[in-house]
There are 2 protein chains.
Amino acid sequence: MRDVAVVGAGMIDFGELFEQSFDDMAERAYLNALDDVDKGIDSEDIDAAWFGTLDIAENASSGLGLSHPTGLFEMPVTRVENACATGSTAFRSAVEAVRAGSADVALVLGAEKMRDSAGGLIEGASLEQVWRGRGVTMPAFFGLRATRHMEEYGTTREQVAEVSVKNHENGSKYPHAHYRFTCSVEDVVDSPQVTYPLNLYDCCPVTDGAAATVIVSEDVVEEYTDDPVWVAGSGLATDTVQRGADESLAGFPATQQAAEQAYEEADITADDIDVAEVHDCFTITELVTYEDLGFCEKGEGGAFVESGKPHLDGEKPVNPSGGLLAKGHPIGATGVAQVNEIYEQLRGEAGAVQVENDPEYGLQHNIGIGRDATGSVSCINVLSKDRP
Amino acid sequence: MRDVAVVGAGMIDFGELFEQSFDDMAERAYLNALDDVDKGIDSEDIDAAWFGTLDIAENASSGLGLSHPTGLFEMPVTRVENACATGSTAFRSAVEAVRAGSADVALVLGAEKMRDSAGGLIEGASLEQVWRGRGVTMPAFFGLRATRHMEEYGTTREQVAEVSVKNHENGSKYPHAHYRFTCSVEDVVDSPQVTYPLNLYDCCPVTDGAAATVIVSEDVVEEYTDDPVWVAGSGLATDTVQRGADESLAGFPATQQAAEQAYEEADITADDIDVAEVHDCFTITELVTYEDLGFCEKGEGGAFVESGKPHLDGEKPVNPSGGLLAKGHPIGATGVAQVNEIYEQLRGEAGAVQVENDPEYGLQHNIGIGRDATGSVSCINVLSKDRP
């Protein structure tokens, strides 16, 4: 099995991009990723590509959705879709193929036009027959997780809000973020209610965006950079509350399982992670993810965020980019942009949001909810400064 | 790089399956694949799964669409989508991961509910703004290929119809086929016109179905069978007429490129292929695919089918299962069912449609058309009786 390294990362500024087509976004993210490679790269060097998109606005139904905007034809292009874990699963699939030897240089591209059909997405996100009829939209599904966590562990509304305060603080400094404002706990708690206990500032926005990453095998890495970031481990899992295996709604078993796989492959523990980009579609999601990833004990997520540890200058910074809450969540692009942020953090090139703990290991995490809102998928990738 | 073998294949009878849910279909195909493993297999043995579906009827938006019907949770499930090459691309991705060492035993499952939303599919299959407004629906897109082939190479309407006659002859013997009738050239030519020159019997039906395959690494193959079928090579490519690279519409460069990759990886030529399951969504598609795969010279597809070579008792049987024309084309399942048929043919277990040339190498091929109807993707997998 060959080691795989990230050597280039590019994205576009996320936001409401009505002025850009899907192809515009994808092309620019792709070109930015190529430009980012230290020693340069030619499009001819790319052996294969992986394409992450939910195709929400019906822009890209196959690998052609990557080929057209990039001009990368006559090569394998695999489209991967895995709910909100689409981008991270595309990255994982590309890594597997480079490890297997079917490509030396691979492109991962994620893109999503969300604003063109957001209504459809939000409405479609819960199954008509059962859940939606009972009011369980996507925010309500996560709201239930929040009320359960508050009930079971005494987590306060203010602790949940702290996640939003932290991520908007980071996002205000992050040049590619959709939202670039700061807010206080009071602002979050007083913002309009969406679904108890989650308010407007507890929810990520509906955002357009694209991101691209270039990965290479150990055999050719020196041609592209002297400062690669390595893939140390990966995990992918599914779970569902229908199995009755969940003892409580206050966490996501899929995240726990994916983390276990990724830590084992990387031969590390949660303690070794120095910086993380995690899935904060809602504030409560990040709070329970601290626990699911093992950054703190079960039930301690509220205390963890209050302690300052996940802050930019803390000992375990989480979502330096502002996370989904500030940066935005263009689904196919989200995981790819997270990988890119970890890559830049480990290279010390994250600018205004560079963490201060000289990170060795970084983790990227997505959780996705199936359309029936009873199951979840989670994908995690761990990058390391040193070769594994 | 480890060698990978197929050790189990299962499917359900394809057809109009209004009485079965998506989960019913997927579960049965999965259980049939497990049952097919010579020395038995436990669901606990499966390390990871790949799931191919276009999710046409909105049954399965992520890996959970595989986890729910199979009960396979707490493991990596990757959903792959690649237009009509979805099933074959899912198989290819699973093979890459097993080669890379991330799984020893992997499941590939493809399923599609087509009858529940066929109108939407057919309508959505060409881009509104440009192509559909000009009448270029999917049959029309392939009809243009047919008229071009007839004009350029003198191919006759009757030769195109021969593909349907052959595949319905095979399908009439194939137990899982949607359509099990025979027809004559006259029947095809006299059937209702869909889009010149293609008539009803030149078009594949709209079919529900599911299929599943179990693959394993060389390290564990002996635990499952003494008669494995090996993966010899794979190819995947995209192309588009917008590039101006096509000299003519009478073929698919994506197929040519994918075939080149697959033959190179398998270290064979087109001459070595003894049996093939190819993409015959329309009769003309199979006819030009003979040429694109190198089974005959460019322009000779009409003569090739007339010669009897691709018939069940010919020297290069094509679509012994009846192909998409008779068996049906439940998109996510199509490529997986083709892999399964090649597996059975190479093991000599294809029953009433067993080819007579004692096949050593078999090929499975899909071509997919992007929603804008100007581009195509092609995925090809080559299996071999002997270990590569």
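Chain A is annotated in an unreviewed UniProt entry as propanoyl-CoA C-acyltransferase of Salarchaeum japonicum.

The subject of this paragraph is helix 6 (residues 157-171) of chain A. All names here are of chain A. Helix length check: helix 6 (15 residues) gives 22 Å between terminal C-alpha atoms against 21 Å at 1.5 Å per residue, within 8%. Burial runs high along helix 6: 12 of the 15 residues are buried. Of the positions making up helix 6, those classed as buried are Arg157, Gln159, Val160, Ala161, Val163, Ser164, Val165, Lys166, Asn167, His168, Asn170 and Gly171. Looking at the buried positions of helix 6, the neighbouring elements they touch are helix 5 (138-153), helix 7 (185-190), strand 6 (198-199), helix 9 (283-292), helix 10 (301-306) and helix 11 (323-327).

Bringing the relation of the copies chain A and chain B into the picture now. Superposing chain A onto chain B takes a rotation of 180° plus a shift of 0.0 Å along the axis, which leaves an RMSD of 0.0 Å. Viewed as a symmetry operation, the transformation between the two copies matches a two-fold axis. Residue Ala100 of chain A, judged by its C-alpha, is the member of chain A lying nearest the rotation axis, at 2.0 Å. Of all interface residues in chain A, 100% are interface residues in chain B too; the two copies therefore contact each other through one and the same surface.

Further remarks concern the packing of helix 3 (residues 86-100) of chain A against helix 3 (residues 86-100) of chain B. Following both chains from N to C, one finds helix 3 of chain A and helix 3 of chain B inclined at 60°, their axes separated by 8 Å at the closest point. Taken together, the axes of helix 3 of chain A and helix 3 of chain B are oblique relative to one another. Crossing angle aside, the handedness with which helix 3 of chain A passes helix 3 of chain B is left-handed. On helix 3 of chain B, the residues touching Glu96, Ala97, Arg99 and Ala100 of chain A of helix 3 of chain A are Glu96, Ala97, Arg99 and Ala100 of chain B. A per-class count over the contact of helix 3 of chain A with helix 3 of chain B returns four nonpolar, no polar and four charged.

This brings us to a negative patch on the surface. All names here are of chain A. A grouping of Glu260, Glu264, Asp267, Asp271 and Asp272 is seen on the molecular surface, where their side chains present a negatively charged patch. As for its placement among the helices and strands, Asp271 is situated in the loop between helix 8 (253-266) and strand 9 (275-277). When its relative accessible area of 65% is taken as the criterion, Asp271 is described as exposed.

Residues and elements named next belong to chain A. Viewed as axis vectors pointing N to C, helix 3 and helix 12 (residues 331-347) meet at an angle of 60°, and their least axial separation amounts to 5 Å. Of the possible angle classes, the one that applies to helix 3 and helix 12 is oblique. Contacts between helix 3 and helix 12 involve Thr86, Gly87, Ser88 and Phe91 on the former and, on the latter, Ile331, Gly332, Gly335, Val336 and Val339. Split into classes, the residues belonging to the contact of helix 3 with helix 12 amount to four nonpolar, five polar and no charged.

Below, the discussion takes up the interface of chain A and chain B. At the interface, 48 residues of chain A touch 48 residues of chain B. Here chain A packs against chain B, burying approximately 3600 Å² in sum over the two surfaces, 51% of which is carbon and sulfur. Contact with chain B buries area across many residues of chain A, yet Glu74, Thr238 and Arg371 of chain A alone supply 17% of it, more than any other trio. Our enumeration of links across chain A and chain B arrives at two salt bridges. Ionic pairing is found between Arg79 of chain B and Glu81 of chain A, a salt bridge with its closest N-O pair at 2.9 Å. Applying the counting criterion to the chain A and chain B interface returns 14 residue pairs in polar contact (both at pLDDT 80 or more).

Residues and elements named next belong to chain B. Relative to the 21 Å expected for 15 residues at 1.5 Å per residue, helix 3 spans 21 Å between its end C-alpha atoms, a close match to the ideal helical length. Among the 15 residues that make up helix 3, 15 are buried, leaving the element largely enclosed by the rest of the structure. Looking one or two residues past helix 3, Gly101 carries a phi angle of roughly 95°, positive in sign.

Moving on, we come to the environment of Val288 of chain A. All names here are of chain A. Looking at the secondary structure, you find Val288 in helix 9. For the pair Val288 and Gly302, spaced 14 residues apart in sequence, the C-alpha separation works out to 8.7 Å. If we ignore the near neighbours within four places in the chain, the residues touching Val288 are His149, Ala250, Gly251, Phe252 and Lys298.

Time to look at the packing of aromatic side chains. For any pair of aromatic rings, the description consists of the separation of the ring centres together with the inter-plane angle of the planes. Per the stated rule, a full pass over the model turns up 14 aromatic pairs over all chains. When the centroid spacing of 6.2 Å and the interplanar angle of 75° are considered together, the rings of Phe22 of chain B and Phe51 of chain B count as edge-to-face. Of the two residues, Phe22 of chain B is situated in helix 1 (residues 22-36) and Phe51 of chain B in strand 2 (residues 48-52); the sequence distance between them amounts to 29 residues. In this pair, the class of Phe22 of chain B matches that of Phe51 of chain B, namely buried. One aromatic cluster in this structure is built from Phe141, Phe142, Phe252 and Phe282 of chain A. The cationic tip of Lys316 of chain B hangs over the ring face of Phe295 of chain B; the distance from NZ or CZ to the ring centre is 5.0 Å.

Attention shifts here to empty space enclosed by the protein. Residue and element names in this part refer to chain A. All chains considered together, the criterion is met by three cavities of 30 Å³ or more. Its volume calculated, the largest cavity comes out at about 50 Å³. Lining the largest cavity we find 12 residues, and of these Arg145, Asp239, Val241, Thr374 and Ser376 sit closest to its centre. Contributing elements (two or more residues each) for the lining of the largest cavity: helix 5, strand 8 (229-240) and strand 11 (375-384). A breakdown of the residues in the lining of the largest cavity according to their chemical character gives five nonpolar, four polar and three charged.

The rules behind each value
- Residue indices follow the written sequence of each chain, beginning from 1 at its first position.
- Here the convention is simple: chains get letters from A, ligands get numbers from 1, in the order in which they are written.
- Residue-level local features of this predicted model are given only where pLDDT is at least 70; pairs of side-chain atoms are given and counted only at 80 or more, and the full residue set underlies all totals for whole chains, interfaces and linings.
- Remark: hydrogens and water are excluded; side-chain values derive from all non-hydrogen atoms of the structure.
- Numbering of helices and strands starts at the N terminus; helices are DSSP runs of H or I of at least 4 residues and strands are runs of E of at least 2.
- Under the convention used throughout, the expected extent of a helix is 1.5 Å for every residue step, that is, one less than its residue count.
- Only protein chains enter the calculation, and the probe is 1.4 Å; a residue is then buried if its accessible area is under 20% of its type maximum, exposed if over 50%, and partly exposed in between.
- The criterion used for residue contact is that any of the two residues' heavy atoms lie within 4.5 Å.
- To line up the copies, we fit them by least squares on C-alpha atoms, keeping just the residues with pLDDT of at least 70 in both.
- Axes here refer to lines fitted to C-alpha atoms; in helices the fit is confined to the stretch in contact. Angles between the N-to-C directions go from 0 to 180 degrees.
- Note that the term roughly parallel is reserved for angles under 35 degrees, roughly antiparallel for angles over 145, roughly perpendicular for angles of 65 to 115, and oblique for everything else.
- Crossing chirality is assigned from the near helix's rotation relative to the far helix, an anticlockwise turn below a right angle marking it left-handed and a clockwise turn marking it right-handed.
- Polar here means any residue other than Ala, Val, Leu, Ile, Met, Phe, Trp, Tyr, Cys and Pro, which are nonpolar, and Asp, Glu, Lys and Arg, which are charged; Gly is therefore polar.
- Like-charged residues are merged into a patch within 9 Å and nonpolar side chains (Val, Leu, Ile, Met, Phe, Trp, Tyr) within 5 Å, provided each residue has over 30% relative accessible area and no salt bridge.
- Each accessible area is a Shrake-Rupley estimate made with a 1.4 Å probe; only the visible protein chains count as cover when residues are assessed.
- One side-chain nitrogen of Lys or Arg within 4 Å of one carboxyl oxygen of Asp or Glu is enough to make a salt bridge.
- Only four residue types enter the tally: Lys and Arg on the positive side, Asp and Glu on the negative side; His and the chain ends are excluded.
- Note that the charge is assigned to NZ on lysines, CZ on arginines, CG on aspartates and CD on glutamates.
- When two parts are brought into contact, each loses some accessible area as probed by a 1.4 Å sphere; the total of that loss over both is the buried area.
- In protein, a polar contact means a hydrogen-donor-capable atom and an acceptor-capable atom, both N or O and within 3.5 Å, with residues adjacent in sequence counting only if both atoms are side-chain atoms; elsewhere, any N or O pair within 3.5 Å suffices.
- Any pair of Phe, Tyr and Trp rings, taking the six-membered ring for Trp, is counted once the centres come within 6.5 Å. Such a pair is stacked with planes under 30 degrees apart, edge-to-face with planes over 60 apart, and tilted for the rest.
- Charges are assigned to positions over rings by a cutoff of 6 Å between ring centre and Lys NZ or Arg CZ, combined with an angular limit of 35 degrees from the ring normal.
- The way it works is a 1 Å grid over only the protein atoms, where trapped points that fit a 1.4 Å probe form a cavity and open points with protein on both sides within 12 Å along at least five of seven lines form a pocket, and then any residue with an atom within 4 Å of a point lines it.
- Grid points are joined across faces, edges and corners, and a volume is the space filled by probe spheres set on the points.

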